[in-house]
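Take a look at the letters that make up each chain.
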Amino acid sequence: MPQLEHVFPQFEPDLIEKLKEHGELIHFSEGDVLMRPGQYFKYSFIILNGRVKLYREGIDGEEFFLYYLEHGDACALSMICATKNEASALRAIAMTAVDALAIPLPFMDVLMKTYKGWYYFVLETYRSRFEELLQVIDQIAFHSLDEKLSFYLKRQFDALGPRLPITHQQIADDLNSSREVISRLLKKMETAGMVVVSRHEIMRGRL
């Protein structure tokens with residue numbers, strides 16, 4: 001198991017020991033589904049290594065990208081669903097190999113009541129994810145598709161670096177658009193020097 005002391009330096013030593021004692025290390029390969037709509041949880045996951053992508057699915061099966069989970073992150077929505085014994089409304093896919101610490105639901109209550117480090121970690125998780133979701137909602141409700149694309153690419157560059165190994169179809173799927181429309185907007189952005197576009201990669205320009 002990765003050294004939890006390094007992943008969570010803010011946690012009390014006793015909390016670290018309890019997580020090692022009760023948590024289960026689970027490995028996911030690239031492309032594995034960690035969470036799917038309709039699923040009920042026995043555990044809540046904390047990501048120790050790797051990157052997970054979360055989507056919201058619509059009634060007709062369309063998907064919309066929400067956010068990434070990476071080193072030291074937990075999914076606030078999965079925590080809420082797990083605590084209230086509600087089914088997930090999200091899909092989570094491993095974008096790389098992932099190591100996750102699975103924490104049994106009955107133990108979550110003990111952690112919240114006993115350890116300030118865990119209590120503040122959960123609050124910060126809720127706060128940061130809530131802010132991310134507000135940004136996503138703002139883009140959906142109040143901005144045009146070219147603005148949504150710009151916002152989407154900035155988030156991807158900030159998370160993954162200046163070179164994105166991504167296709168136009170993948171972007172279209174994440175933004176619930178068509179490949180043709182996305183390709184046209186990317187060409188417009190490339191002409192403006194904001195990005196450099198190839199078939200399977202997009203490089204950051206002045207974006």
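That block above? That's the structure.
Cut-offs used in this document
Residues numbered from 1 in each chain as written. Predicted model: local features only at pLDDT ≥ 70, side-chain atom pairs only at ≥ 80, totals over all residues. Heavy atoms only, no water. Helix = DSSP H or I, 4+ residues; strand = E, 2+ residues; numbered from the N terminus. Rg over C-alpha atoms; globule rule 2.2 N^0.38 Å. Buried < 20%, exposed > 50% of the residue type's maximum accessible area, 1.4 Å probe, protein only. Contact = heavy atoms within 4.5 Å. Areas by Shrake-Rupley, 256 points an atom, 1.4 Å probe, with all protein chains shown as cover. 1 Å grid on protein atoms, 1.4 Å probe; cavity = no way out; pocket = protein on both sides within 12 Å on 5 of 7 lines; lining within 4 Å. Points joined across faces, edges and corners; volume = space filled by probe spheres on them. Nonpolar A, V, L, I, M, F, W, Y, C, P; charged D, E, K, R; others polar. Pairing = 2+ DSSP bridges. Axes fitted to C-alpha atoms, helices over the stretch in contact; angles between N-to-C directions.

Looking only at helices and strands, the protein chain has eight helices and ten strands in total. Taking 207 residues into account, the globule formula puts the C-alpha radius of gyration at 17 Å, and the protein chain, at 19 Å, falls close to it. Considered along the principal axes of its C-alpha atoms, the protein chain spans approximately 55 × 35 × 30 Å. Sorting the 207 residues of the protein chain into buried and exposed places 42% on the buried side. Expressed as a percentage of contacts within the protein chain between residues at least 6 apart in sequence, the contacts between residues at least 24 apart total 70%. On the protein chain, roughly 11,000 Å² of surface is accessible, and the fraction owed to carbon and sulfur atoms is 54%.

Before going further, it helps to spend a moment on the layout of surface pockets. The computed volume of the largest pocket comes to approximately 310 Å³. In terms of lining, the largest pocket is formed by 15 residues, of which the most central are Lys53, Met95, Pro165, Ile166 and Gln170. Among the elements that take part in the lining of the largest pocket, helix α7 (residues 168-174) stands out by supplying three residues, more than any other. Partitioning the lining of the largest pocket into residue classes produces eight nonpolar, two polar and five charged. In this structure, the second largest pocket spans a volume of roughly 180 Å³. Lining the second largest pocket, in full, are Phe65, Tyr68, Glu70, Asp73, Arg129, Glu132, Gln135, Arg155, Asp158 and Ala159. Going through the elements one at a time, β5 (63-69), α5 (116-142) and α6 (145-160) are the ones with two or more residues in the lining of the second largest pocket.

A positive phi angle, close to 55°, is found at Asn176, a residue other than glycine. Relative to the assigned elements, Asn176 resides in the loop between α7 and α8 (179-191).

Before going further, it helps to spend a moment on the sheet that holds strand β7 (residues 98-104). Strand order in this open sheet of three strands is β1-β7-β3, and the pairing throughout is antiparallel. Only two strands of the sheet have a single partner each, and these edge strands are β1 (24-28) and β3 (43-49). The mean inter-strand angle of the sheet, taken between neighbouring strand axes irrespective of direction, is 35°. Of the strand pairs in this sheet, β3 and β7 are connected by six bridges, and their pairing is antiparallel. Following the sheet pairing, Asn49 is matched in β7 by Asp99. Against the sheet, helix α4 (residues 105-114) touches β3 and β7, its axis set at about 80° to β7.

Further remarks concern the pairing of β5. Among the seven residues in β5, five count as buried, and that is most of the element. Sheet topology note: the strand β4 (residues 52-57)/β5 ladder contains six bridges and is antiparallel. Paired with Glu57 across the bridge in β5 is Glu63.

As summarised here, the arrangement of the four strands in space is β2-β6-β4-β5, forming an open sheet in which the pairing is antiparallel. In this open sheet, the two edge strands, each paired with only one partner strand, are β2 (33-35) and β5. Neighbour-to-neighbour, the strand axes of this sheet turn through a mean angle of 30°, independent of strand direction. Pairing geometry for β2 and strand β6 (residues 90-94), over two bridges, is antiparallel.

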